[in-house]
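Listed below, chain by chain, are the residues.
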Number of protein chains: 2
Amino acid sequence: MSKKTVELFYDVVSPYTWFAFEVLLRYQNRWNINLKLRPFFLGGLNAGTGNKPPIMVPAKAKYMPIDVLRLGKYFDVPVKNPKDPVALLFTKGTLIPQRFLTAIDMTCPQFLGNVSRELWMRAWNRDEDITEPASLTQAAKLAGLSEKQIAEILPRINSNDVKERLKQTTQEALDLGAFGSPTIVAHVDGKKEWVFGSDRFPILADLLGEKWEGPLPGVSSKL
Amino acid sequence: MSKKTVELFYDVVSPYTWFAFEVLLRYQNRWNINLKLRPFFLGGLNAGTGNKPPIMVPAKAKYMPIDVLRLGKYFDVPVKNPKDPVALLFTKGTLIPQRFLTAIDMTCPQFLGNVSRELWMRAWNRDEDITEPASLTQAAKLAGLSEKQIAEILPRINSNDVKERLKQTTQEALDLGAFGSPTIVAHVDGKKEWVFGSDRFPILADLLGEKWEGPLPGVSSKL
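Residues numbered from 1 in each chain as written. Chains lettered and ligands numbered in written order. Predicted model: local features only at pLDDT ≥ 70, side-chain atom pairs only at ≥ 80, totals over all residues. Heavy atoms only, no water.

The name given to chain A in an unreviewed UniProt entry is Glutathione S-transferase kappa, with Candidula unifasciata as the source organism. Among the UniProt annotations of chain A, the heading Catalytic activity (unreviewed entry) holds the following wording: "RX + glutathione = an S-substituted glutathione + a halide anion + H(+)". Word for word, the UniProt comment on chain A under Sequence similarities (unreviewed entry) is "Belongs to the GST superfamily. Kappa family." (UniProt positions renumbered as here; feature names shortened; annotations may be inferred.)

Okay, the overall build of chain A next. Secondary structure assignment for chain A yields 10 helices and four strands. Here chain A has a C-alpha radius of gyration of 17 Å; the compact-globule value for 223 residues is 17 Å, and the two agree. Overall size of chain A, expressed as C-alpha extent along the three principal axes, is 45 × 40 × 35 Å. A buried classification covers 53% of the 223 residues belonging to chain A. Looking at chain A alone, contacts between residues at least 24 apart form 73% of all its contacts between residues at least 6 apart. Surface accessibility of chain A: about 9800 Å² in total, with carbon and sulfur atoms responsible for 52%. The averaged location of the 24 negative side-chain charges in chain A is 3 Å from the averaged location of its 29 positive side-chain charges. (Helix = DSSP H or I, 4+ residues; strand = E, 2+ residues; numbered from the N terminus. Rg over C-alpha atoms; globule rule 2.2 N^0.38 Å. Buried < 20%, exposed > 50% of the residue type's maximum accessible area, 1.4 Å probe, protein only. Contact = heavy atoms within 4.5 Å. Areas by Shrake-Rupley, 256 points an atom, 1.4 Å probe, with all protein chains shown as cover. Lys, Arg positive; Asp, Glu negative; His and termini not counted. Charge placed at Lys NZ, Arg CZ, Asp CG, Glu CD.)

What follows covers the interface of chain B and chain A. Across the contact, 28 residues belong to chain B and 28 residues belong to chain A. When the two sides are added together, the surface that chain B and chain A hide from each other amounts to roughly 2400 Å², 59% of it contributed by carbon and sulfur. Summed over the shared surface of chain B and chain A, the result is eight salt bridges. The salt bridge partner of Asp-67 of chain A is Arg-200 of chain B, with a shortest N-O separation of 2.8 Å. At the junction of chain B with chain A, the criterion picks out 13 residue pairs in polar contact (both at pLDDT 80 or more). Counting only elements with at least two residues in the side of chain B that touches chain A, the list comes to α3 (58-75), β4 (191-196) and α10 (201-208) of chain B. (Buried area = accessible area lost by both parts, 1.4 Å probe. Salt bridge = Lys/Arg side-chain N within 4 Å of Asp/Glu carboxyl O. Polar contact = N/O pair within 3.5 Å; in protein donor to acceptor, adjacent residues only side chain to side chain.)

Right, let's talk about the packing of aromatic side chains for a bit. Under the definition given, this model contains 32 aromatic pairs over all chains. The interplanar angle of 35° and the centroid separation of 6.2 Å between the aromatic rings of Tyr-10 of chain B and Phe-21 of chain B together place this pair among those described as tilted. Remark: Phe-21 of chain B occurs in helix α1 (residues 15-27) and Tyr-10 of chain B occurs in strand β1 (residues 4-10); sequence separation between them is 11 residues. The burial state of Tyr-10 of chain B is the same as that of Phe-21 of chain B; both residues are buried. Joined through ring pairs, the aromatic side chains of Tyr-16, Phe-19, Tyr-27, Trp-31, Tyr-74, Phe-75, Phe-201 and Trp-212 of chain A make up one cluster. (Phe/Tyr/Trp six-rings, centres within 6.5 Å; stacked < 30°, edge-to-face > 60°.)

Across its 18 residues, α3 of chain B extends 26 Å between first and last C-alpha, which sits within 8% of the 26 Å expected from 1.5 Å per residue. By the largest-angle criterion, Met-64 of chain B marks the main kink of α3 of chain B, which is about 30°, and a proline, Pro-65 of chain B, follows within four residues. Within α3 of chain B the residues assigned to the buried category are Ala-59, Tyr-63, Met-64, Asp-67, Val-68, Arg-70, Leu-71, Gly-72, Tyr-74 and Phe-75 of chain B. Residues of α3 of chain B that are buried sit in contact with α2 (42-49), β4 (191-196) and α10 (201-208) of chain A together with α1 and α10 of chain B. Just past α3 of chain B, the residue Asp-76 of chain B takes up positive phi, approximately 55°. (Expected span 1.5 Å × (residues − 1). Bend = angle between axes of the 7 residues up to and from the residue.)

All names here are of chain A. The UniProt record annotates "active site" (unreviewed entry) at Ser-14. Here Ser-14 is to be found in the loop between β1 (4-10) and α1 (15-27). Ser-14 has contacts with Trp-120, Trp-124 and Ser-181, leaving out every residue within four places of it along the chain.

Under the defined criterion, the tally for this structure stands at 32 salt bridges over all chains. Residue Glu-193 of chain A pairs with Arg-70 of chain B through a salt bridge whose shortest N-O separation is 3.5 Å. Taken together, the residues span two chains, with Glu-193 of chain A in strand β4 and Arg-70 of chain B in helix α3. Note that Arg-200 of chain A is salt-bridged to Asp-199 of chain A, the shortest N-O span being 3.5 Å. Given a relative accessible area of 7%, Arg-200 of chain A falls into the buried group. Its relative accessible area of 26% is what places Asp-199 of chain A among the partly exposed residues.

The structure is reproduced here in structure tokens:
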């Protein structure tokens, strides 16, 4: 049976997206899917759709950190809330880290998953900066890139081809009709269908003709 | 073991809430919970929190009907999309049906679940009006109320005590920090914890110390 392609449009600004990322990596062999990681820019998507991040409604901003920790336990992902989410989400934003991931994707895509996880670990576990070159360097090192590779890739975040590629991926998501992160696209029988969020895995499994066995396939859930 | 209380704050305007309603009814004996149905007014909650319904973002409005049908299949709830959701959600709204449910709750609460389901069937399965007295009468009849009971209850939707009670329930949800429907409150060891949405049942089960067995407990899921 040929593999079905699943695309994950993601931005490391979103802790919910981290859950979807880990689940898809856990399932990629189990489900016989070809997983394509597609770093895009959520800020650009929001600008294009007029959607607003949940944190802008005060009651949601209060609920979200509780929800994130509960889901972290459910998905077995070591998420923690940053002290200053506004800085992470708005003041600093993720244009630079998403450009860095795009540069990784264009240069040595085999490291893209590991670097993405390291960025989430920095932002959503250790409350560290993910916009400074030193921080990106450290993430790439932990993900297994050599100093030589990092020295080649890092300057590319300011290059037009990387900027253009990130714009194109974001535009592709907009054209699809997406309005948030994660957006997960299933290619089935020549058709594209997509779901939004980290709470549609039973639906995604159904679209793929596969079985959803919970967040930790092969293991009894912690919850 | 004494029963744990679970409160469902709900408005029949929301198809997602219908899923949560059916799931909680299916689980109420299985989980040994005392389920309290709390009709509130989502329009009032939105006014109080500044939250906006997803339909106001065009990309979400396009995705939602697809999402609703997929989830209807997953939850085994016969939801269909109305032809004119804007009329249901905004022009007509649910102040009248939520007042009717409040009057039922204050008069013959044993019928509250059945009447709620009939209203969802009308709005989100048969695309029928739920604001006209004839429609409310029909829903109540199908739910098992006598003509005499209906004749007593229907005029009460304009009474101050019903209006006041609906306002109070909505205010209670606001005070809790809620921002949408469904809001599900678990009372555990003298503490109140709540979740938002129909996609947090594994979390709710964990809060209650119970097991989530999918949308159809005791039956293999259709998905």
